[in-house]
Every structure is written in C-alpha cells, then in structure tokens.
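Here is what each chain is made of, one letter per residue.
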Amino acid sequence: MDSKILFYENLEDKIRCRVCPHNCFIDEGKFGVCKLRTVKNGEPLAINYGEVTSLSVDPIEKKPLYHYKPSKDILSIGSFGCNMTCSFCQNYEISQNRPATEFISVEKLISIIPTIENNVGVAFTYNEPMMWYEYMYDASKKIKEHNKDTSVVVVTNGYINEEPLSALLPYVDAMNIDLKGYTNKYYNKVCGAKLEPVLETIKRCNDHCHVEITTLLVTDENDSLEEAGEIAKFIASVNENIPLHLSRYFPKYKMDNEATNIEKITVAQKEAKKYLKYVYIGNVGGVDNNTYCSKCGALLVRRDGYSTEVCIKGGRCEVCGEEIYIVM
Ligand code: SF4
C-alpha cells in the first residue's frame, strides 16, 4: 500500500526525495531511481509499505552475521525494489521488478515473532530494506517498544542518507552492510551508485550497532589483491573487529564473467587478515569458516555450512581472556 515518504523536500512543482544519496527530483506521476517513490495528487508516496515478497526463517549465519547471536535463527522479511542496479544482482527478480506481494501489517509481523522457536527477532533483507524505509522504520520502532530484547537486523547496501539512517539506528541491533568494491568507477559502472555514502554509512553504523561487512568478489572487476587490501584497510580504520565476508560471485542477471576463482578469494582473505581480526569466505563449500581467538588461536565458534557450534559462553576467550567482538 501507499505511505507518505518520511524524508523529502517540497519544491515548487515537484519534490526532492531525501531518503537516499540519489536525492531524486520527482514530478507528479513520475518515480525516483528506485521506482518506488512517486508523487500522486501532490502527495509524496512510497508504494511498497507492508508489501512482502519473501518471509522465511533463516539461520542468522545466512545473513551473513557470524558474530551476532551465533546458532540462532531469525525471521527474515523482504519487499521489492532497490536503489542500486548491480549487474550481478542475485535477487534481481525482487530488486529490479515488481513481483506479487502479500500485505503484512506491522502488528501481524510482531505477532509472528514469538511463535518461532530459536528465533531472535526480525531481519529486513532479500531486497534493499532501506528502500522499504517507511515500513521498516515503523516496524523496527514498534518491535522494540513491544519487546526491547527482540533483535532487529538490517542487511543493506548502505546507500542511505544520514538523516533517515540516524532516525532508524536507535531501533537496530545489527547490520550487514555491503561494501561492493573500493572504487567509484566500480560503484558507478556496476552498481549505479557512488562509493563515499556507503563508507559514511559504515562509520555511522559502527558507532551505534553491531556491524559486519560483505564484499562480493567479481571476476576481473573488483577481485584484485590491491582492492581487497584497500577494503580491509578502510574497515580496520573504522574498527578492526568488524568481520568481513568475502563472497564468491556466480554469473547472474546481466553479468556473465566467470565465477570467481577460489584461489583468488583465499589470497584476498589472507591479505585482508593483515588488517582485520575476522575474515570469512562466503559461497564456497569446504573452507574453514570457524571463528578463532585473534590472540591465542583458540576455537570460539565452529561452523559447517549453516550448522554452528558455539564454544564460548560470553564475550571473552575462555583460554586467554581476550575480549571478542561477538554478541551472544
Ligand atoms: S529513495 Fe533514493 S532512489 Fe528512491 S526516490 Fe528517494 S532518493 Fe530516489
């Protein structure tokens, strides 16, 4: 259903949307870059409030979040639409198109949460949740008012303006943010966006909630050793504890480059580990994705696919006492 856009400016004969860094000028009857925000009879509206394309229960490791409530599940919900146009999009059916939806009110969503076993809360994911901002904001706020112990997780491309992000963050516990590459050229050419706003989002989120980062390494586009090092150095400048997930790309949507060479990903992981304490590999079977203490090397969390065994009780290594960036 339609709902009023929460961040915009009224101009003489149009509006300027202020939700994301595209800052689109929108005329009556036209849409912004996301194809979700429009002006109808002078009213600035988002068209996807409560419109759900996917609702399921996933292991939290699938978001991916490896250092937030490991071994728990999370109710995962998504709508349609995105403010990027990544050529390799793995979810293009819901990010770039308008598929069938089912309306789920915030109240209905809240009522589902406690009925699921081993569930820690709600993850806004699948499509770009910041493009579902009006619903996600209302839902996150009400979820926390209803029960502050329910986790709110956001899996995002990080392309959001400061004001809406700051309004949302008090209700968010954890985020996985894509850092898709480390050049504006890549963000422009492959994703239809800019790098700098994403870096700003990562810094702001690190001040407010648990953060993990995902980078999809795309063959011949952003899979150089130098770029992996730049990404890791930037993250370390924010917080060297932030876990980085280096994921393997497979051809999809408009991108037909070969799947990423696994050897290149392991070399990139080694490079990133020079700067960061926790670097994992995604979309590759049979690799060691356990968490070890960065000081003494003790095993903290054992992972085999989405099967997870937690070997520590609190936020410290039980062998050497090192504080671990993990929320249990
Ligand atoms: S959310 Fe972003 S892409 Fe969509 S209309 Fe607003 S500024 Fe444009």
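Residues numbered from 1 in each chain as written. Predicted model: local features only at pLDDT ≥ 70, side-chain atom pairs only at ≥ 80, totals over all residues. Heavy atoms only, no water.

**Thoughts on unusual backbone geometry**
Here is step 1: Cis geometry marks the peptide bond from Lys63 to Pro64; its omega dihedral reads -5°.
Here is step 2: Residue placement: Pro64 occurs in the loop between β8 (54–59) and β9 (73–78). (Helix = DSSP H or I, 4+ residues; strand = E, 2+ residues; numbered from the N terminus.)

**Structural notes on the sheet that holds strand β2 (residues 8–10)**
Backbone hydrogen bonds hold the strands of a sheet together, and the pairing may be parallel or antiparallel.
Here is step 1: Read from one edge to the other, the open sheet built from three strands follows the order β2-β3-β4, with strand pairing classed as antiparallel. On the outer flanks of this sheet lie β2 and β4 (25–27), each paired with one strand and no other. The mean angle between the axes of side-by-side strands here comes to 30°, regardless of whether they run parallel or antiparallel.
Here is step 2: As paired elements, β2 and strand β3 (residues 14–17) share three bridges and run antiparallel to each other. Of the residues in β3, the one forming a bridge with Asn10 is Ile15. (Pairing = 2+ DSSP bridges. Axes fitted to C-alpha atoms, helices over the stretch in contact; angles between N-to-C directions.)

**Some details on the state of the cysteines**
Here is step 1: Within the structure shown, the criterion is met by zero disulfides.
Here is step 2: Cys311 carries a free sulfur, and the closest cysteine sulfur to it, the one in Cys317, is 11 Å from it. (Disulfide = S-S within 2.5 Å.)

**As for the side chain of Arg248**
Here is step 1: The residue Arg248 is located in strand β15 (residues 244–248) in this model.
Here is step 2: Buried charge Arg248 goes without a salt bridge, the closest partner of opposite sign being Glu258 at 7.9 Å.
Here is step 3: A polar contact is formed between the side chain of Arg248 and the backbone oxygen of Thr260, at a distance of 2.7 Å.
Here is step 4: Filtering out sequence-adjacent residues up to four positions away, Arg248 remains in contact with Leu216, Ala259, Thr260, Ile262, Ile265, Gly282, Asn283 and Val284. (Buried < 20%, exposed > 50% of the residue type's maximum accessible area, 1.4 Å probe, protein only. Lys, Arg positive; Asp, Glu negative; His and termini not counted. Salt bridge = Lys/Arg side-chain N within 4 Å of Asp/Glu carboxyl O. Polar contact = N/O pair within 3.5 Å; in protein donor to acceptor, adjacent residues only side chain to side chain. Contact = heavy atoms within 4.5 Å.)

**Let's talk about the site of the ligand**
Here is step 1: Lining the immediate environment of the ligand, one finds Cys17, Val19, Cys20, His22, Asn23, Cys24, Ile26, Gly32, Val33, Cys34, Arg37 and Met131.
Here is step 2: Its residues assigned to classes, the shell around the ligand shows eight nonpolar, three polar and one charged. (Near = heavy atom within 4 Å. Nonpolar A, V, L, I, M, F, W, Y, C, P; charged D, E, K, R; others polar.)

**Brief notes about the UniProt feature "binding site: [4Fe-4S] cluster" (unreviewed entry) in the protein**
Here is step 1: Under the UniProt annotation, "binding site: [4Fe-4S] cluster" (unreviewed entry) lies at Cys82, Cys86 and Cys89.
Here is step 2: For Cys82, the location among the structural elements is in the loop between β9 and α1 (92–95).
Here is step 3: For Cys82, a relative accessible area of 14% gives the class buried.
Here is step 4: Look past the residues within four positions of Cys82 in its chain and what remains in contact with it is Cys34, Leu36, Ser95, Gln96, Glu128, Met131 and Asn157.
Here is step 5: Summarising the element assignment, Cys89 is placed in the loop between β9 and α1.
Here is step 6: Overall, the relative accessible area of 13% leaves Cys89 in the buried class.
Here is step 7: If we skip the residues at most four places from it in the chain, Cys89 touches Ser95, Lys252 and Tyr253. (UniProt positions renumbered as here; feature names shortened; annotations may be inferred.)

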